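Examining the three-dimensional arrangement
Residues per chain, in single letters:
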Amino acid sequence: MKTTHRSASRGRLAQCLLILATTAFLMIPAAAAQAHDVPETTDPANGSAVRTVPTKIGLTFNHTPLAIGSVVRVEDATGTDQADGPVAIVDNHVTQAVKTSAPEGKYTVVWRVVSSDGHPIEGTFTFTASATNTAGTATPSASPAAAATGTGLPTELITAAGAVLVLVIVFVMRAIFVKRRLRSPESDR
Ligand SMILES: [Cu+2]
């Protein structure tokens, strides 16, 4: 009888220890989670609208992520990855080059890096580009000609406006000078 009582109380103690151990074990990941690196800013900003598809995607973290197993997918509207080359990590900045022919539209950046505490962290952000990035595809002879015809008229307008402004200044200065010359004999004496 005594032995069964003893084993029952022992069982209860074991149960208490098990509950305590389980609680402690559950609290460890919660504390560790607070040590994970978090992205502070993204370039482009989440949900933003940009004119052209950027040449680089950037993420700035609160700590420097580990330089292993980093993936930044730059998915266009069709889900095609437009990332060009590997991820670059410099200090707490993570950058990913984007293909020059990347199409316009909504983009979803799917990133995954290894936090400085050794845990993999991941997230997504979106942006919308209204034009494709054609930086590397423009014909060299076409753009200077277009630029020249584009600036021809405004330059003439600026010159005309400048001439008018100079004339106005001359007239105003003359008016002031004449007034002073008329007044000065009276005010001086
Ligand atoms: Cu962690």
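Up top is the structure.
Keep in mind it's a predicted model, so treat the numbers as computed, not measured. Within any chain, residue numbers begin from 1 and follow the written order of that chain's sequence. Residue-level local features of this predicted model are given only where pLDDT is at least 70; pairs of side-chain atoms are given and counted only at 80 or more, and the full residue set underlies all totals for whole chains, interfaces and linings. Here the side-chain values reflect all heavy atoms present in the structure, with hydrogen atoms and water set aside.

Before going further, it helps to spend a moment on the overall build of the protein chain. Numbering goes from the N terminus for both helices and strands, where a helix is a DSSP run of H or I of at least four residues and a strand is a run of E of at least two. Within the protein chain one finds two helices and eight strands. Helices and strands in the protein chain line up, N terminus first, as α-β-β-β-β-β-β-β-β-α. Buried residues are those whose accessible area, probed at 1.4 Å on protein chains only, stays under 20% of the maximum for their type, while exposed residues exceed 50% and partly exposed ones sit between those limits. Residue burial in the protein chain is summarised as follows: out of 189 residues, 18% are buried. Contacts are residue-level and defined by heavy atoms, with any inter-residue pair within 4.5 Å sufficient. Residue pairs in contact within the protein chain that sit at least 24 positions apart in sequence constitute 60% of those at least 6 positions apart. Values of accessible area rely on a 1.4 Å probe in the Shrake-Rupley scheme; residue burial ignores everything except the protein chains shown. Surface summary for the protein chain: the accessible area is close to 13600 Å², and the carbon and sulfur share equals 64%.

Counted as donors are N, O and S atoms no farther than 2.8 Å from the metal, or 3.2 Å for Na, K and Ca; water is not among the atoms, and sites may therefore look incomplete. Donor atoms from the polypeptide that bind the copper ion are His-36 (NE2), Asp-117 (OD) and His-119 (ND1), placed at 1.9 to 2.2 Å. Classification of Asp-117 by relative accessible area gives partly exposed; the value is 29%. Taking relative accessible area as the criterion, His-119 reaches 32% and is therefore assigned partly exposed.

Strand pairing in a sheet relies on backbone hydrogen bonds, with the paired strands running either antiparallel or parallel. Read from one edge of the open sheet, four strands run β2-β8-β7-β4, paired in mixed fashion. Of all strands in the sheet, those bounded by a partner on one side alone are β2 (48-52) and β4 (66-75). Put simply, the sheet's adjacent strands are angled 30° from each other on average, direction ignored. When DSSP finds two or more bridges between two strands, those strands count as paired. Relative to strand β8 (residues 120-131), strand β7 (residues 105-114) runs antiparallel, the two sharing ten bridges. Residue pairing across strands places Tyr-107 opposite Phe-127, the latter belonging to β8. Angular values range over 0 to 180 degrees, each being the angle between N-to-C directions of two axes fitted as lines to C-alpha atoms, with helices fitted over their stretch in contact.

With 18 residues, the main nonpolar core has Ile-57, Val-72 and Trp-111 as its most contacted residues. Here Ile-57 is in contact with Asp-43, Pro-44, Val-72, Val-74, Val-94, Thr-95, Gln-96, Val-98, Val-109, Phe-125 and Phe-127, once residues within four sequence places are set aside. By nonpolar core we mean a set of buried residues, namely Ala, Val, Leu, Ile, Met, Phe, Trp, Tyr and Cys, connected to one another through side-chain atoms within 4.5 Å.

What follows covers the side chain of Thr-60. Topologically, Thr-60 is positioned in strand β3 (residues 56-61). Within the structure, Thr-60 has its side chain in polar contact with the side chain of His-93 (distance 3.1 Å). Polar contacts here mean pairs of N or O atoms no more than 3.5 Å apart (in protein, one a potential hydrogen donor and the other a potential acceptor; neighbouring residues in sequence count only if both atoms are side-chain atoms).

Here we take up the environment of Asp-76. Within the secondary structure, Asp-76 sits in the loop between β4 and β5 (88-90). For Asp-76, a relative accessible area of 8% corresponds to the buried category. Sequence spacing of Asp-76 and Ala-102 is 26 residues, and the spatial spacing of their C-alpha atoms is 7.8 Å. Excluding its chain neighbours within four sequence positions, the residues that come into contact with Asp-76 are Gln-82, Pro-103, Lys-106 and Tyr-107. For Asp-76, the side chain forms a polar contact with the side chain of Gln-82, separated by 2.9 Å.

Residue Pro-44 follows Asp-43 across a cis peptide bond; omega there is 0°. Positionally, Pro-44 belongs in the loop between β1 (39-43) and β2. Non-glycine residue Asp-91 carries a positive phi angle of around 55°. Topologically, Asp-91 is positioned in the loop between β5 and β6 (93-97). According to the relative accessible area criterion, Asp-91 is exposed, its value standing at 54%.

Note that every value here comes from positions in space, so none of it alone points to a role or purpose.
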